[in-house]
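What follows is the residue order along each chain.
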Amino acid sequence: MADYENPVLDRPVSDDMQRDLLSRGYSRRHFGRIATLLGGGVALAQTITPAFAQQSAKAVVGAVRIGSNECWTGPFPAGAEAAMLIVQQGNRYEPDNNHAKLFEAVNQVEGVPIDRITAWPGSSDPLSRTAVTFASPERGIVTADPTYEVLWRTGDWIGAKVTKVPLTADYRHDVKAMLAADPQAGLYYICSPNNPTGTLTPIEDIIWLAENKPKDAIILVDEAYIHFAGAPNAARLAVERDDVIVMRTFSKLFGMAGMRLGLTFCAPELLERMMRYDGMQVINMLPMTAVAAGTASLTLAAQIEARRNEMIAARTMATDHLKKRGLSVLPGSRANMFMVEWKDRTPKEMMAALLAEGVQIGRSWTAYPKMSRVSVGSAEDMEKFCLAVDKVMLG
Ligand SMILES: Cc1ncc(COP(=O)(O)O)c(C=O)c1O
């Protein structure tokens, strides 16, 4: 565990780190940028251009909030209770081996050995950190387009080439085209289910990429929404291979976005490389409330399934309604979001019109400029959304 006597961050840019960065093609002018990114400033790089932040518009209190892919409800009751109980022991950095208990729960549910599990305050830090560690001005980043764009920002920020590859006709990551587009990239990013399309990329496709990419390149599989899909996941790849990182978050189905907890599964050697830049503080000093809630929630298989089914019912109801109104909905979403194309109105116009009706939807993506991303809220949220759409479109 961390040295609790002296919980001060290491100097962000150590001599060792400087040597590492220079040997990978970074120049001295990148040092400050990397220190900003990893020294608690991950959010900064994401918000330099606000359009890239998950929450494209400031949340409107009192509106139906279906713009940011949050869960419509909070943590499972057992998770909330565990968090509340541990508040009473908030005087302790770690009251009772709580990180270890979290890792045991993850091991039990996912079958990932404990030395391959790391907990983070959400998944945004490890997302940007993989870019700094495995990409560089000499080794690029390859992502789908559209996808969750944080790596586009981080790549630009650190001077790495970012290659964006359209999804296949059925909205999978086109792994063959991704490899062909930059065969020497340092990092290939697979977001499955993908944000904003909600579509899955089959594990076999990820295995193909793993077997055909350069040996020293890394695949990051971002499974932020996997619990909503109830589909096979990539955890096993991060157990059997030393070049695949799987990333999870408690911000989505587990309803803990504001509590901040995420996970990575990867070989210890990869983690060691990722943690060169600012010591281990970011992973060893997580808020105990988040750790306790996460531990109590992970194993609740029946409740996870029930929440998934609740989301699917609300999503089906809303998308059926939109289709009945003659709107086209991008098919195949397995997550708490879908994309819809408005007939003769732009996503911006619809966003404003629906907000005037008290419903806040998401934004569009450059690859699909006529479509808006709508997050799936509760059944009641989605009914209000459908009513608002009718009002705006039918008058
Ligand atoms: C695909 C994807 N990955 C990662 C994240 C980061 O989430 P967090 O930092 O809350 O774990 C998000 C947030 O929306 C996301 O959509």
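Residues numbered from 1 in each chain as written. Predicted model: local features only at pLDDT ≥ 70, side-chain atom pairs only at ≥ 80, totals over all residues. Heavy atoms only, no water.

**Quick word on the nonpolar core**
Then comes step 1: Ranked by size, the top nonpolar core spans 77 residues in total, and within it Phe338, Trp342, Leu354 and Phe385 carry the most contacts.
Then comes step 2: Summarising the domain contributions, this core has at least three residues from each of domain 1 (51-74 + 301-394) and domain 2 (82-298).
Then comes step 3: Not counting the four nearest positions on each side in its chain, Trp342 is found in contact with Leu322, Leu327, Pro347, Met350, Leu354, Ile361, Lys370, Ser372, Phe385, Val389 and Met393.
Then comes step 4: Core analysis: the next-biggest nonpolar cluster, separate from the first, contains 36 residues, Phe31, Ile34, Leu38 and Met247 among them. (Core = buried A, V, L, I, M, F, W, Y, C linked by side-chain atoms within 4.5 Å. Buried < 20%, exposed > 50% of the residue type's maximum accessible area, 1.4 Å probe, protein only. Domains from an automatic or database assignment. Contact = heavy atoms within 4.5 Å.)

**With respect to helix α5 (residues 98-110)**
Then comes step 1: End to end, α5 covers 18 Å across 13 residues, agreeing with the expected 18 Å (1.5 Å per residue, within 8%).
Then comes step 2: Considered for burial, the residues of α5 that qualify are Asn98, His99, Leu102, Phe103, Ala105, Val106 and Glu110. Along the axis of α5, the buried residues cluster in a sector spanning 160 degrees; they form a single face. (Helix = DSSP H or I, 4+ residues; strand = E, 2+ residues; numbered from the N terminus. Expected span 1.5 Å × (residues − 1). Arc of directions from axis to C-beta.)

**Examining the sheet that holds strand β10 (residues 337-341)**
Then comes step 1: The 3 strands lie next to each other as β9-β10-β12, forming an open sheet whose pairing is antiparallel. In this open sheet, the two edge strands, each paired with only one partner strand, are β9 (328-329) and β12 (371-375).
Then comes step 2: Both β10 and β12 contribute to a ladder of 5 bridges, which runs antiparallel. Residue pairing across strands places Met337 opposite Ser375, the latter belonging to β12. (Pairing = 2+ DSSP bridges.)

**A word on the domain arrangement of the protein**
Then comes step 1: Its domain assignment divides the protein into domain 1 (51-74 + 301-394) and domain 2 (82-298).
Then comes step 2: Summarising the inter-unit geometry, the C-alpha centres of domain 1 and domain 2 are found 25 Å apart.
Then comes step 3: For the interface between domain 1 and domain 2, the tally reads 1 salt bridge.
Then comes step 4: Secondary-structure elements contributing two or more residues to the side of domain 1 that touches domain 2 are α15 (301-324) and β10.
Then comes step 5: By residue number, the principal contributor to the side of domain 1 that touches domain 2 is α15, which donates 4 residues.
Then comes step 6: Partitioned by chemical class, the residues of the side of domain 1 that touches domain 2 number 13 nonpolar, 9 polar and 5 charged. (Salt bridge = Lys/Arg side-chain N within 4 Å of Asp/Glu carboxyl O. Nonpolar A, V, L, I, M, F, W, Y, C, P; charged D, E, K, R; others polar.)

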